[in-house]
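So the chains spell out like this:
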Protein chains: 2
Amino acid sequence: MIDVKKILAKYSEELNGPMDAFLPPEKPDNLMAATVQYPRAGGKRMRPAMVLAAAGAVNGDKKKAMPLAVAIEYIHNFTLIHDDYMDGDEKRRGMDTIHMKYGGPTAILAGDALFAKAFEVIAHLDVPDNVMREVLKVVTRAVWDLARGQQMDVNNENGEEVTMDEYIETIRLKTSVLFAAGAAGGALVGGASKDTVNAVHEYAMLLGVAFQMFDDVLGLVGDPVKLGKSVGNDIRKGKSTVMVTHALKNINDPEIMKEFRSILGKSGASEDDIGKVRKIMEDTGSIEFAISMAEGYTKRAIEKLSCLGPGEDKDFMIALAEYAMKRDV
Amino acid sequence: MIDVKKILAKYSEELNGPMDAFLPPEKPDNLMAATVQYPRAGGKRMRPAMVLAAAGAVNGDKKKAMPLAVAIEYIHNFTLIHDDYMDGDEKRRGMDTIHMKYGGPTAILAGDALFAKAFEVIAHLDVPDNVMREVLKVVTRAVWDLARGQQMDVNNENGEEVTMDEYIETIRLKTSVLFAAGAAGGALVGGASKDTVNAVHEYAMLLGVAFQMFDDVLGLVGDPVKLGKSVGNDIRKGKSTVMVTHALKNINDPEIMKEFRSILGKSGASEDDIGKVRKIMEDTGSIEFAISMAEGYTKRAIEKLSCLGPGEDKDFMIALAEYAMKRDV
């Protein structure tokens with residue numbers, strides 16, 4: 001049985017040095033301090049682990065994939081800096097967010113700087129020029145899509161009701177594409193064929209959807225202490241998650257519907273309010289529905305890996321897809 | 001005699017189609033509208049003109065340089081979107097700025113999206129893979145430096161007094177590097193040798209410094225009607241421009257120094273206050289000093305072009321450097 005957390009921790013440890021090495025001290029000091037904070041703060045680092053595992057799973061040289069792993073995590077970090085500022089979030093991983101500590105302008109610039117650095121690292125990848133170009137294509141497209149997905153999320157949080165298909169498209173763009181760019185990029189650096197690269201890309205797209213759907217579930221029924229944040233915030237924002245969309249379709253009693261709608265999008269909803277919504281969703285089977293839908297994505301993700309030969313990296317990729325549904329944080 | 005404005009207008013006209021073509025409609029609508037606004041709004045478009053001229057000046061195919069010209073202008077546009085938000089500016093080219101029209105989050109995302117698109121365009125350049133990689137290296141480094149220069153500018157505006165050398169380093173980073181990446185990139189796409197690429201890069205670095213120094217002069221003594229903005233804002237922000245640094249060194253009368261310092265950094269300084277500062281700087285020769293310093297940079301910029309054979313593109317590049325000092329807007 002593969003211990004995903006342990007392998008993630010091992011990869012994370014290996015990443016510490018390179019994550020720092022591509023950001024040597026430069027002027028001005030406040031921008032550099034803001035730029036290195038998230039890259040140094042750790043986190044699950046699932047995306048760079050995916051890059052390295054994909055490179056290994058296609059029998060490539062993982063060392064050559066390390067700079068790409070760093071670049072993908074820088075991109076993830078850059079989006080977190082900008083998102084935290086947009087959302088007005090004050091804390092991340094127990095520290096003040098960048099805009100809280102250094103102000104809004106520096107948060108914007110630190111994000112931009114990390115974004116630029118990620119592509120500078122890609123420009124210097126130790127792979128043939130044509131392979132570097134393919135990596136660049138998939139990663140640039142991913143960042144374009146990330147911005148689109150993030151905007152859809154902003155629109156959704158502003159109360160624009162969306163269909164389930166639209167919500168899934170949103171999470172494909174805001175979450176899956178970077179996982180997928182990492183996995184496909186790792187496979188490219190590892191020298192995989194086009195078909196294999198595509199299969200690994202699809203695997204990570206599907207995994208990303210499952211990951212985000214389960215994230216939404218955790219955000220409603222997870223343990224606030226383990227998560228390090230309060231639950232129910234998607235409800236307070238009135239976000240059309242899979243659970244919400246399913247509940248809106250399946251609540252038959254007009255009274256219950258009235259109560260549900262009165263809490264959905266209520267920014268000051270109490271713990272008690274959130275508990276009521278959770279109870280309604282349990283009754284409609286909406287939470288179970290979201291979990292089984294996410295399980296379906298996980299299964300389809302794993303099937304995409306059938307083109308890979310056996311090995312510990314493939315096993316880790318399978319386990320990572322299952323972990324997306326099994327984690328408590 | 002070359003009519004720089006006319007040639008810039010011709011290039012700008014040629015750019016309209018490609019600037020649009022790389023941004024076809026996608027979802028969501030509000031992000032797309034925010035993303036295309038500045039690229040469609042025109043402006044001087046000096047940076048893409050530089051890309052095309054540099055490609056032509058090394059006897060390259062200008063058509064192949066067109067996508068790079070677009071990418072460089074997208075990068076310029078992305079920095080404008082983020083800068084306008086950081087500075088709280090409400091108008092640009094007679095239109096509401098992006099954050100005024102679509103809100104702060106969309107301004108951040110539209111900037112990020114344009115940034116990503118610029119590199120996606122570079123990834124698809126119709127040049128050999130190794131040339132594309134060299135272009136990518138110079139452009140990614142430029143964007144990293146832009147963020148640094150912008151932060152130095154923010155720090156400077158927050159009243160941090162800087163030396164003249166530090167100020168020049170700031171404008172090299174916030175202004176010159178993108179001109180230089182455009183010129184060097186154009187030369188690379190045009191198939192120039194490493195030495196020629198470096199010379200063209202240095203030309204544009206020097207031109208950028210002259211351009212920004214003269215911009216500072218215009219910002220104090222220019223015609224507010226032609227500029228479309230009030231003059232003296234650098235004084236109100238207490239910015240250490242070349243003129244200010246020179247004046248602080250050359251005011252001998254303590255009373256005048258007291259008056260100068262009382263207005264410098266005074267956010268509510270009146271037209272009358274600005275007039276006083278202007279008069280003091282005329283007496284200390286600080287405005288002339290900045291102009292002659294900028295002229296020196298222009299001259300050195302033009303000297304760098306001696307490696308190029310004669311031709312209309314070279315002539316335009318020379319004229320562009322002179323124009324940096326002759327414009328009234």
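Bear in mind the structure is a predicted one, so any value in this text is a computation, not a measurement.

Calculation notes
- Residues numbered from 1 in each chain as written.
- Chains lettered and ligands numbered in written order.
- Predicted model: local features only at pLDDT ≥ 70, side-chain atom pairs only at ≥ 80, totals over all residues.
- Heavy atoms only, no water.
- Helix = DSSP H or I, 4+ residues; strand = E, 2+ residues; numbered from the N terminus.
- Contact = heavy atoms within 4.5 Å.
- Areas by Shrake-Rupley, 256 points an atom, 1.4 Å probe, with all protein chains shown as cover.
- Lys, Arg positive; Asp, Glu negative; His and termini not counted.
- Charge placed at Lys NZ, Arg CZ, Asp CG, Glu CD.
- Least-squares fit on C-alpha atoms with pLDDT ≥ 70 in both.
- Buried area = accessible area lost by both parts, 1.4 Å probe.
- Salt bridge = Lys/Arg side-chain N within 4 Å of Asp/Glu carboxyl O.
- Polar contact = N/O pair within 3.5 Å; in protein donor to acceptor, adjacent residues only side chain to side chain.
- Nonpolar A, V, L, I, M, F, W, Y, C, P; charged D, E, K, R; others polar.
- Axes fitted to C-alpha atoms, helices over the stretch in contact; angles between N-to-C directions.
- Parallel < 35°, antiparallel > 145°, perpendicular 65-115°, else oblique.
- Left-handed = near helix turned anticlockwise from the far one by under 90°.
- Expected span 1.5 Å × (residues − 1).
- Buried < 20%, exposed > 50% of the residue type's maximum accessible area, 1.4 Å probe, protein only.
- Arc of directions from axis to C-beta.

Quick question: what am I supposed to make of the overall build of chain A here?
What chain A contains, in helices and strands, is 16 helices and 2 strands. Reported as C-alpha extents along the three principal axes, the dimensions of chain A are approximately 65 × 50 × 30 Å. Considering only residue pairs separated by 6 or more positions, chain A has 75% of its internal contacts joining residues 24 or more positions apart. Of the roughly 13,000 Å² that chain A leaves accessible, carbon and sulfur atoms contribute 50%. Of the side-chain charges in chain A, 41 are positive and 49 negative, and the distance between the mean point of each set is 2 Å.

Teacher, can you tell me more about the relation of the copies chain B and chain A here?
One copy of the chain maps onto the second through a rotation around an axis plus a translation along that axis. With an RMSD of 0.0 Å, the fit of chain B onto chain A corresponds to turning through 180 degrees and sliding 0.0 Å along the axis. Taken together, these values place the two copies in the relation of a two-fold axis. Nearest to the rotation axis, the C-alpha of Asp 129 of chain B is located 2.7 Å from it, this being the minimum over chain B. The residues that chain B uses at the interface reappear at the interface of chain A in 100% of cases, marking a shared surface.

Can you help me understand the interface of chain B and chain A in this one?
By convention, interface size is frequently given as the accessible area that disappears when the constituent parts associate. Contacts between the two partners involve 45 residues from chain B and, on the opposite side, 45 residues from chain A. At the boundary of chain B with chain A, total buried surface from both sides reaches about 4,200 Å², with 66% on carbon and sulfur atoms. Contact with chain A buries area across many residues of chain B, yet Arg 133, Trp 144 and Gln 151 of chain B alone supply 18% of it, more than any other trio. Joining chain B to chain A, the criterion identifies 8 salt bridges. Arg 148 of chain A serves as the salt-bridge partner of Glu 26 of chain B, at 3.2 Å between the closest nitrogen and oxygen. Where chain B touches chain A, the interface holds 22 residue pairs in polar contact (both at pLDDT 80 or more). Mapped by element, the contributors of at least two residues to the side of chain B that touches chain A are helix H2 (29-41), helix H4 (62-87), helix H6 (104-123) and helix H7 (129-157) of chain B. No other element matches H7 of chain B, which puts 17 residues into the side of chain B that touches chain A. The residue makeup of the side of chain B that touches chain A, split by class, is 25 nonpolar, 10 polar and 10 charged.

What am I meant to see in the side chain of Gln 37 of chain B here?
Looking at where Gln 37 of chain B falls in the secondary structure, it is placed in helix H2. Ignoring sequence-local partners within four residues, the contact set of Gln 37 of chain B consists of Met 95, Asp 96, Ile 98, Lys 101 and Tyr 102 of chain B.

Looking at this structure, I do not really get the packing of H6 of chain B against H7 of chain B. What am I missing?
How two helices sit against one another is set out by the angle between their axes and by the gap between those axes. Residues and elements named next belong to chain B. Following both chains from N to C, one finds H6 and H7 inclined at 160 degrees, their axes separated by 10 Å at the closest point. Put simply, H6 runs roughly antiparallel to H7. Between H6 and H7 lies a crossing of right-handed hand. Residues Phe 115, Phe 119, Ile 122 and Ala 123 of H6 lie in contact with H7, whose contacting residues are Met 132, Val 135, Leu 136, Val 139, Thr 140 and Val 143. Class assignment for the residues of the contact of H6 with H7 results in 9 nonpolar, 1 polar and no charged.

What should I look at first to understand helix H14 (residues 271-283) of chain B in this one?
A turn of α-helix holds 3.6 residues, and therefore any two residues three or four places apart point the same way. Residue and element names in this part refer to chain B. Its 13 residues give H14 an end-to-end C-alpha distance of 18 Å, which sits within 8% of 18 Å, the value for a rise of 1.5 Å per residue. Along H14, the residues classified as buried are Asp 273, Ile 274, Val 277, Ile 280 and Met 281. For H14, the arc enclosing every buried residue in end-on projection is 120 degrees, short of the 170-degree limit, so these residues lie on one face. For H14, exposure combined with an orientation more than 90 degrees from the buried face picks out Glu 271, Asp 272 and Asp 283. Where H14 is buried, its residues touch helix H9 (194-221), helix H11 (233-237), helix H12 (242-250), helix H13 (254-263) and helix H15 (286-303). One or two steps after H14, the chain reaches Gly 285, where phi turns positive at roughly 75 degrees.

Sorry, what's going on with unusual backbone geometry here?
Only a minority of non-glycine residues have a phi that is not negative, and only a minority of peptide bonds are not trans. Residues and elements named next belong to chain A. Going from Lys 27 to Pro 28, the amide bond is cis rather than trans, its omega being -5 degrees. Of note, Pro 28 is situated in the loop between helix H1 (4-21) and helix H2 (29-41). Positive phi is not limited to glycine here, since Arg 45 has a value of about 50 degrees. Its location among the elements puts Arg 45 in the loop between H2 and helix H3 (46-57).

Shape descriptors only; they carry no functional weight alone.
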